[in-house]
Amino acid sequence: MIPAVTIAWSLVSHTNAGKTTLARTLLGEEIGEVADQAHVTDRSESRVLLEAEGHRLVLWDTPGFGDSARLLGRLRGQRQPLGWLLAQVWDRIADRPLWCSQQAVANVRDEADLVLYLVNAAESPEEAGYVPLELEILEWTGVPVVLVLNQVGESSPEELARLEERWREESRRWPGVRAVLRLDAHRRSWLEEGMLLEESAPWLPAEKRGALAALTEEWRARARDRIAATVAALAEFLAELLHHRESLEGNPFSPGAKRGARERIRERVETQSRALLGRWIVGHGLSGELAERIEGDWRHFVDSGEVWLDAKRLGLGGALGGAATGAIIDANTLGASFGAGALVGGILGGIAGWGLGGWVAERSGRGRTLRIGPEAIEALLSRLLVGLLAITHHGRGRGEVRPEELAKRWGDRVERALASSRGELAPLWARGKEAGPERERTERQRESAERLAGPLRAVVLALLAADSPRIAATLARLEPARDPRAR
């Protein structure tokens, strides 16, 4: 049994670069104070990020570096710069930048096993003149540094790879910088946190690596559970939708009967869509103010007038056009308000014809009934998957949202992921056809959910892996090792 060990990460950066916002994102807590001004944080504050087998991973949010050039000028004139710096007792009122810098360096020296040094990636390495000054100060502490790119915006994966390489090149002259990683406080994949855990092992003292291995496995177990719950909820939702039927009341051939059945189905799907997205949000640790912010982002998507997916690819003609002009989910769920009128009303209401596969009329033991067709189900699935990406990539920052860029990037990503699994999904959509008496519907629905789980899991994993090769590798390590003797 390895004795209980504490591993400490210290978040350090120039003032107002987003440390506290990133700490909130990593911890899932509204810690500290966030404001658009310098030196909001003036003391180091810690929280437990992860626990396993008695070991703890602690995250420190530190005060920001202030006047780096003036500070470094003073340090360079000392025989023992770090000792001199920490021996000073500056007045926190009269010289606040120096006071905050002192607190940050003291935290690194006394607590940190690893420094997460944030830079504003919206600036180029040439523009961020304070970075080399602060890296020189951190070099004196002897603590390994990971240079973290924050505020990366909505760049493409190719642009992000080039950005990382530019900063990697810039940091090569600093031996203490062990890696350059992207970990955005505004929009990031939660899998990046596991990637940081995995990659930090070589930089820790040897006596702490066993504890890190236990913490990493705990994170992986939680990640596996999160993905499994996400997929299970989606499979159950779609299976219920596949097998649900509404009776055509009165004259089953009248327009009024069809309209009434469509409206009842639409209301049912809206309610269940709200419940599904609510389960996803809670499962990803998002609630309260943050969940409301997600609603705001989705309303930005809607207001942009962009269609998230090319409707022609789904064989729906212009049926999806109306879906992009309404709210995405419409109700208060688990403390967050959404709006699904477009998600459901636009897709289901926009498919008025019978030949597109949007609606299917049948004769069954209940008389003539109406159900949702396979194309409409896949269109609805596409919308839900874009919503899932918004949830899995949501941080606790207030970065500018460009809905047309998010819509295009995530829409294309969803289409690619669905295309790779469409051959497996298409036969499953056909399970919605009437088969057997009504009393067997629950069992057929359960079987459909089980069969859908595999292809849907492949789609979800493809969506998450598309962020970067590193995240794809982290996802691959979630899979249990296979016995080579197994056939």
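It should be noted that the structure appears before, not after, this text.
Each value, and the rule that gives it
- Sequence order sets the numbering: in each chain, residues are counted from 1 along the sequence as written.
- In keeping with the model being predicted, local features are shown solely for residues with a pLDDT of at least 70 and side-chain atom pairs are shown and tallied solely at 80 or more, while totals for entire chains, interfaces and linings include all residues.
- With hydrogens and water stripped out, all remaining heavy atoms of the structure feed into the side-chain values.
- Planes of paired rings set the category: under 30 degrees apart is stacked, over 60 is edge-to-face and the rest tilted, where pairs are Phe, Tyr or Trp rings (Trp by its six-membered ring) whose centres lie within 6.5 Å.
- Here a strand is any run of E in DSSP of at least two residues, a helix any run of H or I of at least four, and the numbering for each starts at the N terminus.
- Residue burial is assigned from relative accessible area. The probe radius is 1.4 Å, only protein chains are included, and a residue is buried under 20% of its type maximum, exposed over 50%, and partly exposed in between.
- Axes here refer to lines fitted to C-alpha atoms; in helices the fit is confined to the stretch in contact. Angles between the N-to-C directions go from 0 to 180 degrees.
- Relative orientations are named as follows: roughly parallel for angles under 35 degrees, roughly antiparallel for angles over 145 degrees, roughly perpendicular for angles from 65 to 115 degrees, and oblique for any other angle.
- Here a crossing is taken to be left-handed if its near helix is turned anticlockwise relative to the far helix by less than a right angle, and right-handed if that turn runs clockwise.
- Whether two residues touch is decided by their heavy atoms; if any such pair falls within 4.5 Å, the residues are in contact.
- Three residue categories are used. Nonpolar comprises Ala, Val, Leu, Ile, Met, Phe, Trp, Tyr, Cys and Pro, charged comprises Asp, Glu, Lys and Arg, and polar comprises the others, including Gly.
- Salt bridges are identified by distance alone: a Lys or Arg side-chain nitrogen within 4 Å of an Asp or Glu carboxyl oxygen.

### Brief notes about the packing of aromatic side chains
How two aromatic rings sit relative to each other is set out by the distance from centre to centre and by the angle between their planes.
Now for step 1: Using the criterion set out here, one finds one aromatic pair in the structure.
Now for step 2: With a centroid separation of 6.0 Å and an interplanar angle of 50 degrees, the aromatic rings of Trp 190 and Trp 219 are classed as tilted. On the criterion of sequence distance, the pair formed by Trp 190 in the loop between β6 (177-182) and α7 (191-200) and Trp 219 in helix α8 (residues 209-243) is long-range, its members being 29 residues apart. For the pair formed by Trp 190 and Trp 219, the shared burial category is buried.

### Some points on the packing of α8 against helix α12 (residues 374-392)
Between two packed helices, the angle of one axis relative to the other and the distance separating the axes together describe the packing.
Now for step 1: With their axes 12 Å apart at the nearest point, α8 and α12 run at an angle of 155 degrees to one another. Between α8 and α12, the angle is such that the two are roughly antiparallel. Considering only the axes of α8 and α12, their crossing is right-handed. Contacts between α8 and α12 involve Thr 230, Leu 234, Phe 237, Leu 238, Leu 241 and Leu 242 from the first element and Ile 377, Leu 380, Leu 381, Leu 384, Leu 385 and Leu 388 from the second.
Now for step 2: Residues that form the contact of α8 with α12 fall into these classes: eleven nonpolar, one polar and no charged.

### Side note on the pattern of salt bridges
Now for step 1: Taken as a whole and judged by the stated rule, the model has 28 salt bridges.
Now for step 2: A salt bridge links Asp 113 to Lys 208, with the shortest nitrogen-to-oxygen separation between them at 2.9 Å. With a gap of 95 residues between them, Asp 113 in the loop between α4 (96-111) and β4 (114-120) and Lys 208 in the loop between α7 and α8 connect regions that are remote in the sequence.
Now for step 3: Asp 113 sits in the buried class, given a relative accessible area of 11%.
Now for step 4: Glu 198 is the partner of Arg 477 in a salt bridge, and the nearest nitrogen-oxygen pair spans 2.8 Å. Here the residue Arg 477 occupies a position in the segment after α15 (469-476), and Glu 198 occupies one in helix α7, the gap between them amounting to 279 residues.

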